[in-house]
Amino acid sequence: MARWCYRHRLVVLLLWVGALFGLGFSATTAGTDYANVFSLPDTDSKSAYDLMQKAFPNSSGDTDTVVWKVDSGSVKDQSVQTRIQPALDRIAGMKGVGEVTGPYSGARGAAQISSDGTIAYAQITFAEQANAVPKELVQKVVDTAQAARQSGLHVELGGQAVQRVEEPPGGIAEGVGILAAAVVLFLAFGSFYAALLPIGIAIFGVGTGLFSTQLLSHATDIPDLAPLLATLIGLGVGIDYALFIVTRHRRGLQRGMDPEESAVVALNTSGRAVLFAGGTVCIALAGMLVTQLRFLDGVVIGTSLTVVLSVLAATTLLPALLGFLGPRVLSRKQRRKLENGPEPERTDNLAVRWSAAVQKRPRRIAVFALVVMAVLAFPVLSLRLGATDQGNDNASTTTRKAYDLLAEGFGPGFNGPLQVVTSSGDTATLVKGIEATKDVARVAALPPTGGVTVIQVVPKTSPQSVETDDLIDTLRDKVIPEAGATGHVGGVTAISKDFASVTGDRLPLFVATIIGLSFLLLLLAFRSLVVPLTAALMNLIAAAASFGVLVAIFQWGWGLDMLGLGKEGPINAFLPVIMLSLLFGLSMDYQVFLVSRMHEEWVHTKDNARAVRVGLAETSRVINSAALIMVCVFLAFVLSGNTGAATAGVGLAAAVALDAFILRTALVPAAMHLLGNSNWWLPAWLDKSLPHLAVEPAEEPAPTVPDGPSSAVHGFVRTTDGEPVEGAAVTLRTTGGRELDRVESLADGSYIVSVPGPGTYLLATTAPSYGSTARQVAVTDDPLVYDVELAEGEVDAVN
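Basis of the calculations
- Residues numbered from 1 in each chain as written.
- Predicted model: local features only at pLDDT ≥ 70, side-chain atom pairs only at ≥ 80, totals over all residues.
- Heavy atoms only, no water.
- Helix = DSSP H or I, 4+ residues; strand = E, 2+ residues; numbered from the N terminus.
- Buried < 20%, exposed > 50% of the residue type's maximum accessible area, 1.4 Å probe, protein only.
- Contact = heavy atoms within 4.5 Å.
- Areas by Shrake-Rupley, 256 points an atom, 1.4 Å probe, with all protein chains shown as cover.
- Lys, Arg positive; Asp, Glu negative; His and termini not counted.
- Charge placed at Lys NZ, Arg CZ, Asp CG, Glu CD.
- Pairing = 2+ DSSP bridges.
- Axes fitted to C-alpha atoms, helices over the stretch in contact; angles between N-to-C directions.
- Core = buried A, V, L, I, M, F, W, Y, C linked by side-chain atoms within 4.5 Å.
- Parallel < 35°, antiparallel > 145°, perpendicular 65-115°, else oblique.
- Left-handed = near helix turned anticlockwise from the far one by under 90°.
- Nonpolar A, V, L, I, M, F, W, Y, C, P; charged D, E, K, R; others polar.
- Expected span 1.5 Å × (residues − 1).
- Arc of directions from axis to C-beta.
- Salt bridge = Lys/Arg side-chain N within 4 Å of Asp/Glu carboxyl O.
- Phe/Tyr/Trp six-rings, centres within 6.5 Å; stacked < 30°, edge-to-face > 60°.
- Patch = residues over 30% accessible without salt bridge, like charges linked within 9 Å, V, L, I, M, F, W, Y side chains within 5 Å.
- Disulfide = S-S within 2.5 Å.

Trainee: Provide a residue-level description of the overall build of the protein chain, including the pertinent values.
Mentor: Counting its regular elements, the protein chain contains 25 helices and 18 strands. If one aligns the C-alpha atoms of the protein chain with their principal axes, the spans along those axes are about 110 × 55 × 45 Å. Per-residue burial over the protein chain gives 55% buried out of 799 residues. Residue pairs in contact within the protein chain that sit at least 24 positions apart in sequence constitute 76% of those at least 6 positions apart. Of the roughly 33100 Å² of accessible surface on the protein chain, 58% is carried by carbon and sulfur atoms. Where the 58 positive side-chain charges of the protein chain centre and where its 71 negative ones centre are 3 Å apart.

Written as structure tokens, this is what we have:
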């Protein structure tokens, strides 16, 4: 496939360009139809909402608030009323607004003025829930209300619908992330064209994914959060996948390979790993389905589709673009060096030295890495799931200002009122019972409609406090039953509490599902029990540490002001599900790229120490570069204006950084050195029963063996000083890794191995006190003389 795409590069490019612009035109013409289907069946808050929607169809929509404050005098002054009341009247007449309840009419309105007379509010009830209210209508309401401002009169607006129009325009986070990724790529490659390749692949993958998701929104329920998360994950994996393939291709060119052959080899090795890694990401994302939270179904569709298209772009469009560029994926300096012959293998760079250091001190490095991760994971012990509200917004937003004004004038619990909805029983007794309950500030029963009564309950504590959660439980379990009424506790605060409870109950099943599926995939790929077990354990460690960072920042408030992300509060209840899906998928990416290179070396040499050392030396730099790019992309989503996306961005950036720089670079290779050959152990009966899933290319068939050896390879094994090495293991293998002959060098360092026939073979040499080498040797009908030189700590990679 790679060769076909390389040779028919113009056709492939035109197909992709046509797909991008065709989908873009169709999606633009059709528009969007995102639907935030947020349903919590079998919960008390859902029962309360259903009763309210039936009895008060015009009052079951989102309720937002207009708040105003005077610096002097009273909000009852005629000069204030003549500016505020006409604005409220104009808002009440807008199509889509169900009701406006102001403070200047009747006894009920008087309760909407603070005790000192300086703050008042009006409630605007839309006909739809916040996510279904058109942004144009909300913006018109905001502009109309704020037009009443004057010197000494402050007007602010709060509520979920208003919060949506406060978000900055889309595209800023994506643009900043792509720009940062481009800078990192240019520094890593030193070539403008090579740096553009991963960016281009990511743009095609994300673009076609987003347009396809937009079209699918007309056929199924997809929340408006889905395209944001799809962009977040699509940019990360799209750039990373292309980076791995381009790096392998550049290495082939530097070794003197023809551009077409180098591209084919890159796709047939790193490209296979990309296909496998993309599959693990999609499986991790699909794990969200087991939570049975309907609004996540659309998230799975959007993100998975974008990942699939990013993988498709990396494995088809990328080889075509490599064909257009030829050797220009190398920098000018590298091309000039290549004119003098292929570059020799470097054995003195930082990655090689670090790999050798891990091999020498695996126990010490493993302990240090575990201590670091444990310290970072410690805050997760105080994790509290909930929901953020306008009180967590940036202090400069109108929603945060309105929230603070209401808390100042009417108490902290006013921003999260509870709604006790009852359809039978003695309402008067229930109201008295609620009034006598601890932590209740005010109670007001609205006139019944259709046999349904709504009792507004204002807690004394803020919506995010533990005391408010306890109050909800008290009302449900004690107060309502003791009053002999049939009622339910609803409202935004109660919904948030129920959602956190449902998510917490289903989280263990979700984690077990994605770990189990990932384990099976890695078991099939690497024919090992220890490798997938290690990966699962590392993923749990990474998850704990990343959530510890989230708790420290967003729950404890460390560094929130520096990030400009508002005020501390509980962690959004939906975040663990989404973040764990993305984290497990991305962690598996790095595990696949790291271990597939180790496994490739293990198949060739059957030397675990060498396999781990070479695998780490060859992949650590590209994994770290890929992680740095992902960190830049994820952190850019702090600029999105969406609290959920910003939290997910910071959490994923921390998770990727810890996973790549500590786990995959230090803890995983150290553990694999300590485990030795058991890394690759698989019971024979299980090996026979499992289907084969090759991450590496298929092995070339071994040459046919005649009646006797047709030739031989012989020579001496010496040190760099020319001293003979006795007892060195010399193994002749096929290029696919099948062992053909194995001997030990004699006292004078001499060896001789039998060759079945002419061809290219792999000659691997290792000695306990020295490093190891593995070289390809071409044997003809005549014996080949080949001397081997061993040096301490040498890393000699096999291409």
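Trainee: Please set out the sheet that holds strand S6 (residues 418-424) residue by residue, giving values where relevant.
Mentor: Read from one edge to the other, the open sheet built from 4 strands follows the order S7-S8-S6-S9, with strand pairing classed as antiparallel. Only two strands of the sheet have a single neighbouring strand rather than two, namely strand S7 (440-445) and strand S9 (486-490). If you compare each strand with its neighbour and ignore which way they point, the axes differ by 20° on average. Where S7 and strand S8 (residues 453-459) come together, 5 bridges link them in antiparallel fashion.

Trainee: Residues and numbers for the pairing of strand S15 (residues 759-766), please.
Mentor: Judged from the 5 bridges that link them, strand S12 (residues 729-733) and S15 form a sheet pairing that is antiparallel. Each bridged residue has a counterpart across the sheet, and for Ala-729 the counterpart in S15 is Thr-766. In terms of strand pairing, S15 meets strand S16 (residues 772-779) through 8 bridges, oriented antiparallel. Paired with Thr-760 across the bridge in S16 is Ala-778.

Trainee: Please give an account of the nonpolar core that cites residues and values.
Mentor: Across soluble globular proteins, nonpolar side chains have a tendency to be buried as a group. Ranked by size, the top nonpolar core spans 152 residues in total, and within it Tyr-241, Met-288, Tyr-590 and Phe-634 carry the most contacts. At 18 residues, the largest contribution of residues to this core is made by helix H24 (residues 643-675). If sequence neighbours within four positions are ignored, Tyr-590 has contacts with Asp-240, Phe-244, Ile-623, Ala-626, Ala-627, Met-630, Val-656, Asp-659, Ala-660 and Arg-664.

Trainee: Now, about the environment of Leu-658: what can you tell me, with residues and values included?
Mentor: Mapped onto the fold, Leu-658 is located in helix H24. Separated by 117 residues in sequence, Leu-658 and Ile-541 place their C-alpha atoms 9.7 Å apart. The residues touching Leu-658, leaving out its near neighbours within four places in the chain, are Met-373, Leu-376, Ala-545, Ser-546 and Leu-663.

Trainee: A description of the environment of Leu-686 should follow, citing residues and the corresponding values.
Mentor: Summarising the element assignment, Leu-686 is placed in helix H25 (residues 684-689). A residue is classified by how much of its surface remains accessible, and Leu-686, at 14% relative accessible area, is buried. Considered as a pair, Leu-686 and Arg-527 are 159 residues apart in the sequence and their alpha carbons are 9.1 Å apart.

Trainee: Tell me about the packing of helix H11 (residues 259-286) against helix H19 (residues 492-526), residues and numbers included.
Mentor: H19 packs onto H11 with a crossing angle of 160° between their chain directions and a minimal axis gap of 9 Å. In terms of orientation, H11 and H19 fall into the roughly antiparallel class. The handedness of the crossing between H11 and H19 is right-handed. Contacts between H11 and H19 pair Phe-276, Thr-280, Ile-283 and Ala-284 from the former with Phe-510, Ile-514, Leu-517, Leu-521, Leu-522 and Ala-525 from the latter. Its residues assigned to classes, the contact of H11 with H19 comprises 9 nonpolar, 1 polar and no charged.

Trainee: Could you give an account of helix H8 (residues 172-189), naming the residues involved and the relevant values?
Mentor: Helix length check: H8, at 18 residues, gives a terminal C-alpha distance of 26 Å against a target of 26 Å (1.5 Å per residue), a fit within 8%. Looking only at H8, the buried set comprises Ala-173, Glu-174, Gly-177, Ala-181, Val-184, Leu-185 and Phe-189. Seen from one end, H8 has its buried residues packed into an arc of 115°, which puts them on one side. Relative to its buried face, H8 has exposed residues pointing more than 90 degrees away, namely Leu-179 and Leu-187. Contact partners of the buried residues in H8: helix H9 (192-216), helix H10 (225-254), helix H13 (332-338) and helix H23 (608-636). Trailing H8 by a residue or two, Gly-190 shows a phi angle of about 75°, which is positive.

Trainee: So, the sheet that holds strand S1 (residues 63-70): which residues are in play, and what are the values?
Mentor: An order of S2-S3-S1-S4 is seen for the 4 strands of this open sheet, with the pairing classed as antiparallel. At either margin of the open sheet sits one strand with a lone partner, and together these are strand S2 (97-101) and strand S4 (153-158). Taking each pair of neighbouring strands and ignoring which way they run, the sheet shows an average axis angle of 20°. Pairing between S1 and S4: 6 bridges, direction antiparallel. In the sheet register, Lys-69 faces S4, and the bridge partner there is His-154. Relative to the sheet, helix H4 (residues 78-92) contacts S1, S2, strand S3 (119-126) and S4, its axis offset from that of S2 by approximately 160°. The sheet contacts of helix H6 (residues 135-146) involve S1, S2, S3 and S4, and relative to S4 the element is tilted by about 165°.

Trainee: Give a description of the pattern of salt bridges that names residues and reports values.
Mentor: One pass over the full model with this rule turns up 17 salt bridges. When the shortest N-O distance is used, the salt bridge between Glu-618 and Arg-597 registers 2.9 Å. Within this pair, whereas Glu-618 is found in helix H23, its partner Arg-597 is found in helix H22 (residues 575-605), the two being separated by 21 residues in sequence. Assessed through its relative accessible area of 3%, Arg-597 is described here as buried. Arg-718 is paired through a salt bridge with Asp-787; the nearest N and O atoms lie 3.8 Å apart. In this pair, Arg-718 is assigned in strand S11 (residues 711-719) and Asp-787 in the loop between strand S17 (784-785) and strand S18 (788-790), connecting sequence segments 69 residues apart.

Trainee: Explain the packing of aromatic side chains to me, and be specific about the residues and the numbers.
Mentor: Under the criterion given, the structure shown has 10 aromatic pairs. Geometrically, the ring pair formed by Trp-68 and Tyr-104 is tilted, given 6.1 Å between the ring centres and 40° between the ring planes. With Trp-68 in strand S1 and Tyr-104 in the loop between S2 and helix H5 (106-110), the pair connects residues that are 36 residues apart, well separated along the chain. Taking the relative accessible area as the measure of exposure, Trp-68 reaches 0% and is therefore buried.

Trainee: Tell me about the packing of H19 against helix H20 (residues 530-555), residues and numbers included.
Mentor: Between H19 and H20, the shortest axis-to-axis distance is 8 Å and the interhelical angle comes to 145°. Crossing of H19 against H20: the hand is right-handed. Counting all contacts with H19, which are made through Val-511, Ile-515, Phe-519, Leu-522, Leu-523 and Phe-526, the residues of H20 involved are Val-531, Pro-532, Leu-533, Ala-535, Ala-536 and Leu-540. Grouping the amino acids of the contact of H19 with H20 by side-chain chemistry returns 12 nonpolar, no polar and no charged.

Trainee: Which residues make up helix H3 (residues 44-55), and what values do they have?
Mentor: Taking 1.5 Å per residue as the helical rise, H3 with its 12 residues ought to reach 16 Å, and the 17 Å between its terminal C-alpha atoms agrees with that figure. Burial in H3 covers these residues: Ser-45, Ala-48, Leu-51, Met-52 and Ala-55. Down the axis of H3, the sector holding all buried residues measures 125°, keeping them to one side. Looking at the packing, one finds that the buried side of H3 touches S6, S8, helix H18 (466-482), S9 and H19.

Trainee: Give me the lowdown on a nonpolar patch on the surface, citing residues and values where you can.
Mentor: On the surface, Leu-179, Val-183, Phe-186, Leu-187, Phe-192, Tyr-193 and Leu-196 cluster together to form a nonpolar patch covering roughly 730 Å² of accessible area. Breaking the nonpolar patch down by element, the ones donating at least two residues are H8 and H9.

Trainee: Describe the state of the cysteines, listing the residues and the values that go with them.
Mentor: For the coordinates displayed, the defined rule picks out 0 disulfides. For the unlinked cysteine Cys-5, the closest cysteine sulfur is that of Cys-282, found at 20 Å. What makes Cys-5 buried here is its relative accessible area of 5%. Of the residues examined, Cys-282 reaches a relative accessible area of 16% and is grouped as buried.

By themselves, these are just geometric observations and shouldn't be taken as functional.
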